[in-house]
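Understanding the architecture of this molecule
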Amino acid sequence: NWPAAAPNAAVLEGVLGFLPNRDKETVCREMKAALLAGGLTEQDFDLSFMYRHDCSVLAPDHLLPRALLAAASDLGHSLTVGGMPASCDAWFYNNQLGIPTLVFGAGTLKVAHSINERIALADIGQCAEILTRFVAAYCGTL
């Protein structure tokens, strides 16, 4: 801990995303194995995870995404079903509570939670319009 010396400790923090064919326990084991294979010993590091969520998958042919796509299409908007490489509470509702869950919203993940985070008002309006149509159709009031 002297300016001309190497530090005696380093703390690395980050976000780890993984695909649905993996689970958090497997990823944690593999990260530890990679550190050990790289020449470190268990005394050389403390690997801990403060936020471990599993992936969440809802089949694209499930009623919810089909209904959301139909609502957007009815309003002249084009949506596609895809994966989201970010953590959110969908895994909890879908995996732990058995409640089918999808993620949809305005904006882009490219700037989410960054100093440049922003969403255009037009995108919020379009999202609200699609969600209103989706809920009305899903609940049978359309």
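All values reported here derive from a predicted model rather than from experimental measurement.

Let's talk about the confidence of the model for the chain
- When pLDDT is averaged along the chain, the result is 87, and 98% of the positions lie at 70 or above.
- For the chain, per-element mean pLDDT is lowest for helix α1 (residues 24–37), which scores 89, and highest for helix α2 (residues 63–74), which scores 96.

Notes on the packing of aromatic side chains
- In this structure the tally under the stated criterion is three aromatic pairs.
- When the centroid spacing of 6.0 Å and the interplanar angle of 75° are considered together, the rings of Trp-91 and Phe-92 count as edge-to-face.
- On the basis of relative accessibility, which here comes to 13%, the residue Trp-91 falls in the buried class.
- Note on Phe-92 and Tyr-93: the rings are 5.8 Å apart at their centroids and 75° apart in plane angle, and the pair reads as edge-to-face.
- Judged by relative accessible area, Phe-92 falls into the partly exposed class, the value being 37%.
- Tyr-93 sits in the partly exposed class, given a relative accessible area of 37%.
- Each member of the aromatic cluster is reached from another via a ring pair, and the members are Trp-91, Phe-92 and Tyr-93.

A short note on the environment of Cys-55
- Within the secondary structure, Cys-55 is located in the loop between α1 and α2.
- Expressed as a C-alpha distance, the spacing of Cys-55 and Ser-87, which sit 32 residues apart in the sequence, is 8.0 Å.
- If sequence neighbours within four positions are ignored, Cys-55 has contacts with Phe-18, Leu-19, Pro-20, Trp-91 and Asn-95.

Rules of the game
Counting of residues starts from 1 at the beginning of each chain's written sequence and follows it residue by residue. pLDDT decides what is reported in this predicted model: residues at 70 or higher carry local features, side-chain atom pairs at 80 or more are listed and counted, and totals for whole chains, interfaces and linings draw on all residues regardless. The side-chain values count all of the structure's non-hydrogen atoms but skip hydrogen atoms and water molecules. Confidence of the prediction at every residue is given by pLDDT, a number between 0 and 100. Secondary structure follows DSSP: runs of H or I at least 4 residues long count as helices, runs of E at least 2 residues long count as strands, and numbering of each begins at the N terminus. Any Phe, Tyr or Trp ring, taking Trp's six-membered ring, that has another such ring centre within 6.5 Å forms a pair; planes under 30 degrees apart are called stacked, those over 60 apart edge-to-face, and the others tilted. Here the term buried applies to any residue with accessible area under 20% of the maximum for its type, exposed to any over 50%, and partly exposed to those in between, with areas from a 1.4 Å probe on protein chains only. Should any heavy atoms of two residues lie within 4.5 Å, those residues are considered in contact.

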